[in-house]
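Residue-level listing of the chains:
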Amino acid sequence: MKLTVLTIKVFFWVSLALLIVTGVISFWLMFNDSRMAEWIAAVLIGVFGSSTVVMLCEYVRYIHQKRENEDLFYYNLSLIYIKLLFILSDIKRVTNNPHQYLNNSFLQPQISDIHTSLGVLSQMDYCQIRNNRFGKFVEDFRRNKIPQLTNFSFVLRTLDISIREDLMKVYEFKLDQMKKQRDVSGIIELVTSESPHTKESLRSIKEGIDNTFLDMIDCALSEMEINNTRRYRWKEMKEQIRKDVR
């Protein structure tokens, strides 16, 4: 998209320069007779027409790219918002049921989707011909907020490590009891939300989502609604999402 914007700006100034030069030559020809000047004027008019056509084609392409990128931005941010709510719901469920066993795939679908959406957002090529408030907001979000979300996505992945660590503790404890020739039939080789490392990891994830990232994404999507209320109705969508995800 940046290349399209650059092309439009270059051809705009080229077309403007050709228009001025052609106008000067045409004015001069009103009072003078010159075959060479007429030939130059004809060439300049042809080049001016071609440049204008290229500029208009690139502008139409720019409009489509701008809309596609904004829709992409909205879709992936709203998807991350939904996935974070699902994570909170899952954490609440296992926390309220401390006897429910967890495995390494816990939260994995949501984490994978968040990571994918962040990859799309970080590679998004968004640029405006004339940068306005919204354009500056998008650029600031991509430079400052996307890295924060990306770092948090790695925090989400540490839950898998916490579950493995707690499981390793169970194995170590069972092995120690076996060495002492004690009964180990009651030791279950599974992890719950009350396992120490897993519990701390779940707490950290919940706090990050509740205190930072839901509000961050909510503000960004609200800004998109302010920028274009006809295409983006985030307030209505958020209410519906909150009803569906519990």
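A.B. asks: Please explain the packing of helix 5 (residues 196-227) against helix 6 (residues 234-244) as it appears in this structure.
C.D. replies: Packed helices, taken two at a time, are described by their axes: the angle between them and the distance between them. The interhelical angle for the contact between helix 5 and helix 6, taken along N-to-C directions, is 145 degrees, at an axis separation of 9 Å. Residues Leu214, Asp218, Leu221, Ser222 and Glu225 of helix 5 form the contact with helix 6, whose own contacting residues are Trp234, Lys235, Lys238 and Arg242.

A.B. asks: Looking at this model, I keep getting lost on the confidence of the model for the protein. Mind explaining?
C.D. replies: The predicted coordinates ought not to be read in detail in places where the model reports low pLDDT. In the predicted model, the protein carries a mean pLDDT of 79, and 80% of its residues have values of at least 70. Highest mean pLDDT in the protein belongs to helix 5 (88); lowest belongs to helix 1 (residues 2-29) (68).

A.B. asks: Could you clarify how one ought to interpret the layout of surface pockets in this entry?
C.D. replies: Using a probe with the size of a water molecule, rolled over the atoms, empty space left in the structure can be pinpointed. Taken as a whole, the largest pocket holds about 170 Å³ of empty space. Together, Tyr62, Ile63, Lys66, Arg67, Glu70, Gln128, Arg130, Asn132, Asn227, Asn228 and Arg231 line the largest pocket. Per-element accounting of the lining of the largest pocket gives the leading share, five residues, to helix 2 (residues 35-96). Classifying every residue of the lining of the largest pocket gives two nonpolar, four polar and five charged.

A.B. asks: How do you make sense of a nonpolar patch on the surface when you look at a structure like this?
C.D. replies: Among the surface-exposed residues, Trp13, Leu16, Leu19 and Ile20 lie close enough to one another that they form a single nonpolar patch of about 420 Å² accessible area. With respect to the helices and strands, the residue isoleucine 20 is situated in helix 1.

A.B. asks: I keep staring at the pattern of salt bridges and nothing clicks. Help me out?
C.D. replies: It is possible for side chains of opposite charge to pair when their charged atoms get near one another. Counted according to the given criterion, the structure contains 16 salt bridges. The salt bridge partner of aspartate 71 is arginine 67, with a shortest N-O separation of 4.0 Å. Here the residue aspartate 71 and the residue arginine 67 both occupy positions in helix 2, the gap between them amounting to four residues, near one helical turn. Judged by relative accessible area, which is 30%, aspartate 71 ranks as partly exposed. Each of Lys66, Arg67, Glu70, Asp71 and Arg231 takes part in a single network of salt bridges with overlapping partners.

A.B. asks: I would appreciate a short explanation of the environment of arginine 142 in the present structure.
C.D. replies: Note that arginine 142 resides in helix 4 (residues 133-179). Along the sequence, arginine 142 and leucine 121 sit 21 residues apart, while their C-alpha atoms lie 7.4 Å from each other. Excluding residues that lie within four positions of it along the chain, arginine 142 makes contacts with Leu121, Ser122, Gln123, Met124 and Pro147. One polar contact links the side chain of arginine 142 to the main-chain carbonyl oxygen of serine 122, over a distance of 3.3 Å.

Thresholds, definitions, all that
- Residues numbered from 1 in each chain as written.
- Predicted model: local features only at pLDDT ≥ 70, side-chain atom pairs only at ≥ 80, totals over all residues.
- Heavy atoms only, no water.
- Axes fitted to C-alpha atoms, helices over the stretch in contact; angles between N-to-C directions.
- Helix = DSSP H or I, 4+ residues; strand = E, 2+ residues; numbered from the N terminus.
- Contact = heavy atoms within 4.5 Å.
- pLDDT = per-residue confidence, 0-100.
- 1 Å grid on protein atoms, 1.4 Å probe; cavity = no way out; pocket = protein on both sides within 12 Å on 5 of 7 lines; lining within 4 Å.
- Points joined across faces, edges and corners; volume = space filled by probe spheres on them.
- Nonpolar A, V, L, I, M, F, W, Y, C, P; charged D, E, K, R; others polar.
- Patch = residues over 30% accessible without salt bridge, like charges linked within 9 Å, V, L, I, M, F, W, Y side chains within 5 Å.
- Areas by Shrake-Rupley, 256 points an atom, 1.4 Å probe, with all protein chains shown as cover.
- Salt bridge = Lys/Arg side-chain N within 4 Å of Asp/Glu carboxyl O.
- Buried < 20%, exposed > 50% of the residue type's maximum accessible area, 1.4 Å probe, protein only.
- Polar contact = N/O pair within 3.5 Å; in protein donor to acceptor, adjacent residues only side chain to side chain.

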